[in-house]
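Below, each chain spelled out in residue letters.
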Amino acid sequence: MIEIKRLGWQDRAAGSRWDAFVLACPQATFFHRAGWQRVLHQVFRHPTYFLYAEEGGRIRGVLPLAEVKSRLFGHALVSLPFVVYAGVAADDTAAADALEAEACRIAQQLGVQHLEMRNVDRRHDDWPLQDLYVTFRKPILPDVEANLNAIPRKQRAMVRKGIKNGLTSTMDPDVERFFALYADNVHRHGTPALPKRWFQALRDEFGADCDVLTVCSAEGVPLTSVLSFYFRGEVLAYYAGDDERARDLAANDFKYWELLRRSCERGLTLFDYGRSKIGTGPYHFKKNWGFEPQPLNYEYQLYKRDAVPQNNPNNAKYKLLIQAWRKLPIGVANRLGPYLVRSLG
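Each value, and the rule that gives it
Residues numbered from 1 in each chain as written. Predicted model: local features only at pLDDT ≥ 70, side-chain atom pairs only at ≥ 80, totals over all residues. Heavy atoms only, no water. Core = buried A, V, L, I, M, F, W, Y, C linked by side-chain atoms within 4.5 Å. Buried < 20%, exposed > 50% of the residue type's maximum accessible area, 1.4 Å probe, protein only. Contact = heavy atoms within 4.5 Å. Helix = DSSP H or I, 4+ residues; strand = E, 2+ residues; numbered from the N terminus. Polar contact = N/O pair within 3.5 Å; in protein donor to acceptor, adjacent residues only side chain to side chain. Pairing = 2+ DSSP bridges. Axes fitted to C-alpha atoms, helices over the stretch in contact; angles between N-to-C directions. Salt bridge = Lys/Arg side-chain N within 4 Å of Asp/Glu carboxyl O. Phe/Tyr/Trp six-rings, centres within 6.5 Å; stacked < 30°, edge-to-face > 60°.

Engineer: Before we move on, could you go through the nonpolar core and cite the residues and values that matter?
Structural biologist: Counting 54 residues, the largest nonpolar core has Phe 31, Trp 36, Trp 198, Phe 199, Phe 229 and Tyr 239 as the members making the most contacts within it. Sequence-distant contacts of Phe 31, defined by excluding residues within four places in its chain, comprise Trp 36, Pro 64, Leu 80, Val 83, Val 84, Tyr 85, Ala 86, Phe 229, Leu 236 and Tyr 238. Judged by nonpolar contacts, the second largest core, of 28 residues, contains Leu 148, Trp 257, Tyr 273 and Phe 291.

Quick look at the structure:
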């Protein structure tokens, strides 16, 4: 008989069992790891519901959830905020169905407006769907030069331009340079920044499976940076930020090439370019690198809503807020940002 249990965020022994299942389950991703519960709790104090299905003493499925509540953005149970794919991961349909049934029960008990399941693949044809996002994933070839030649001609020329400009890349021991570039970048786009302690918590929790690569000009000035995750031979370029001068020096193309090159040399086999909204600048940038978009199937149960929520910058009702945010001094934006962004996810 399948029993649904809840992982305590301080239970390291059960967390190790959870992670062993995640590492072995083909459907699981880096975002299913137990450490996300600790980071969410420590930084944002979000109530978490990390559910696992157990039968005969063996874990058969996991589903990480967190409750997000905001007067501005609503009340939801999400799998998971701040990640791109963490829907149910299970050995079979019975375990998956049991986990989803418990998620629906908890959502209704909490009185949320909706339950959001951030799936890669479609699971329920009759659940409302958010089809705004895609992901970009591509195999890493075993030879460095072959990977360079596989980049489409125009973007390969940008990589070579970065090399010609004398750009250099280094792996940073902390998040200081990354955060300065990231916070400035999101401020220019009119969105609040996650707090620096979030990124430090990720590095502390995931250790060698989370690192920062920063690109500098020939004069040593930081231009662009990326925080990446590693999981089962994959590298996931997740958070990034750049200086306004990065574009003219081709620093962004050089940055992703350096991450790809280093990953190839480490023997990794897949490059995950991360999630983008369809039709945006990042979407076209990744396509120009030769990556094909793969739809993400975010499925919903709506309890106190008539339609799938649109809590993203494309929503016209946030236009004035975005314009006002851009005008804030960067120091003020960085102080206020965490109070807003904790409710977005």
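Engineer: Give a description of unusual backbone geometry that names residues and reports values.
Structural biologist: Omega for the bond connecting Ser 79 with Leu 80 falls within 30 degrees of zero, at -10°, which places this linkage in the cis form. Here Leu 80 lies in the loop between strand E4 (74-79) and strand E5 (89-90). Positive phi values are uncommon outside glycine, yet Arg 45 reaches one of about 60°. Looking at where Arg 45 falls in the secondary structure, it is placed in the loop between helix H2 (35-44) and strand E2 (48-55). In this structure, Arg 232 takes a positive phi of about 50° despite not being glycine. Tracing the backbone through its elements, the reader meets Arg 232 in the loop between strand E11 (222-231) and strand E12 (234-242).

Engineer: Could you give me a rundown of the side chain of His 114, with the residues and numbers involved?
Structural biologist: On the secondary structure map, His 114 appears in strand E6 (residues 114-119). Classification of His 114 by relative accessible area gives buried; the value is 3%. Of the polar contacts made by the side chain of His 114, one reaches the side chain of Arg 305; its length is 3.0 Å. When residues no more than four places from it in sequence are discounted, the contact partners of His 114 are His 75, Ala 76, Leu 77, Tyr 300, Gln 301, Leu 302, Tyr 303, Arg 305 and Pro 309.

Engineer: Account for the environment of Arg 275, naming residues and giving values.
Structural biologist: With respect to the helices and strands, the residue Arg 275 is situated in strand E13 (residues 270-277). Each C-alpha atom, one on Arg 275 and one on Val 83, is 9.4 Å from the other, the two residues being 192 residues apart in sequence. Not counting residues up to four positions away in its chain, the partners in contact with Arg 275 are Val 83, Val 84, Arg 118, Tyr 133, Val 134, Thr 135, Lys 286, Leu 296 and Tyr 298. In this structure the side chain of Arg 275 is engaged in a polar contact, spanning 3.2 Å, whose partner is the side chain of Tyr 298.

Engineer: Break down the sheet that holds E12 for me, citing the residues and quoting the values.
Structural biologist: Here we have 7 strands laid out as an open sheet, ordered E9-E10-E11-E12-E13-E8-E14, and mixed in their pairing. The sheet terminates laterally at strand E9 (168-172) and strand E14 (293-295), the two strands that pair on one side only. Recorded for the sheet is a direction-independent mean angle of 30° between the axes of neighbouring strands. The pairing of E12 with E13 spans 3 bridges and is parallel. When the bridges of E13 are listed, Glu 234 appears paired with Leu 270. Its contacts with the sheet put helix H7 (residues 196-206) on E9, strand E10 (210-216), E11 and E12, and the angle it makes with E10 is roughly 125°. Strands in contact with helix H8 (residues 251-265) are E9, E10, E11, E12 and E13; relative to E11, the strand with the most contacts, it is inclined by about 35°.

Engineer: Help me get a handle on the pattern of salt bridges, residues and values and all.
Structural biologist: If you walk through the whole model with that rule in mind, you get 22 salt bridges. Taking the shortest distance from any N to any O, the salt bridge between Asp 92 and Arg 60 comes out at 2.2 Å. Separated by 32 residues along the polypeptide, Asp 92 in the loop between E5 and helix H3 (93-110) and Arg 60 in strand E3 (residues 58-70) bring together distant segments of the chain. Exposure remark for Asp 92: the relative accessible area of 29% places this residue in the partly exposed category. Between Glu 258 and Arg 261 there is a salt bridge, with the nearest N and O atoms lying 2.7 Å from each other. Linking Glu 258 with Arg 261, this pair stays in helix H8, spanning 3 residues, or about one helical turn. Each of Lys 5, Arg 17 and Glu 54 takes part in salt bridges that share partners, so that together they form one network.

Engineer: Before we move on, could you go through the packing of aromatic side chains and cite the residues and values that matter?
Structural biologist: Taken as a whole, this structure holds 36 aromatic pairs when the rule is applied. The interplanar angle of 50° and the centroid separation of 5.1 Å between the aromatic rings of Phe 82 and Trp 198 together place this pair among those described as tilted. Remark: Trp 198 occurs in helix H7 and Phe 82 occurs in the loop between E4 and E5; sequence separation between them is 116 residues. Judged on exposure class, the residue Phe 82 and its partner Trp 198 are both buried. The interplanar angle of 50° and the centroid separation of 6.2 Å between the aromatic rings of Phe 179 and Phe 199 together place this pair among those described as tilted. Highlighted residues: Phe 179 in helix H6 (residues 176-188) and Phe 199 in helix H7, separated in sequence by 20 residues. Per residue, the accessibility class of Phe 179 equals that of Phe 199, and both read buried.

Engineer: Would you mind going over H7 in detail, with residue names and values included?
Structural biologist: Every buried residue belonging to H7 is among Trp 198, Phe 199, Ala 201, Leu 202, Arg 203, Glu 205 and Phe 206, and all of these are buried. Phi turns positive one or two residues past the end of H7, at Gly 207, with a value near 55°.

Engineer: Account for the side chain of Glu 116, naming residues and giving values.
Structural biologist: Here Glu 116 lies in strand E6. In terms of polar contacts, Glu 116 uses its side chain to reach the side chain of Arg 118, at 2.9 Å. Here Tyr 300 takes part through its side chain, which lies 3.2 Å from a polar atom of the side chain of Glu 116. Non-local contacts of Glu 116, meaning those with residues more than four positions away in its chain, are made with Leu 77, Val 78, Ser 79, Tyr 298, Glu 299 and Tyr 300.

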